[in-house]
Amino acid sequence: MPAPAPARRVSVDPEGPVLVEGPVEILLDDGTVARSDRFVVAVCTCRRSRTYPWCDTSHRRRERVDPPPEDRTP
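Treat the numbers as computed from the prediction; the structure is a model and nothing was measured.

Student: For unusual backbone geometry, give the residues involved together with the corresponding values.
Tutor: Between G22 and P23 the backbone carries a cis peptide bond, its omega angle lying at 0°. Residue position: P23 is located in the loop between β2 (18-21) and β3 (24-27). Cis rather than trans, the peptide bond between Y52 and P53 has omega equal to 15°. Here P53 shows up in the segment after β5 (40-43). Here the phi dihedral of R47 falls at roughly 65°; this positive angle occurs in a residue that is not glycine. If you trace the backbone, R47 turns up in the segment after β5. Its identity is not glycine, yet T57 carries a phi of approximately 70°, on the positive side. Structurally, T57 is set in the segment after β5. By relative accessible area, which is 28% here, T57 ends up partly exposed.

About the thresholds
- Residues numbered from 1 in each chain as written.
- Predicted model: local features only at pLDDT ≥ 70, side-chain atom pairs only at ≥ 80, totals over all residues.
- Heavy atoms only, no water.
- Helix = DSSP H or I, 4+ residues; strand = E, 2+ residues; numbered from the N terminus.
- Buried < 20%, exposed > 50% of the residue type's maximum accessible area, 1.4 Å probe, protein only.

Take a look at the structure:
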């Protein structure tokens, strides 16, 4: 019987992607396999990424918070 594969470490960020120690193969809905040989891979969970299944930080807010206007009354 072959030895079990080493465990992969997975980090879940509620505000962002799932980080997986690589190399990683992901089986997509259409049956294709996406592969990355990187040592850590950010996997998209929001499906907003243009490079899905890999995260491109599209989950981050795109709005700027402007500082309040200065009070210029004399």
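Read on for the rest.
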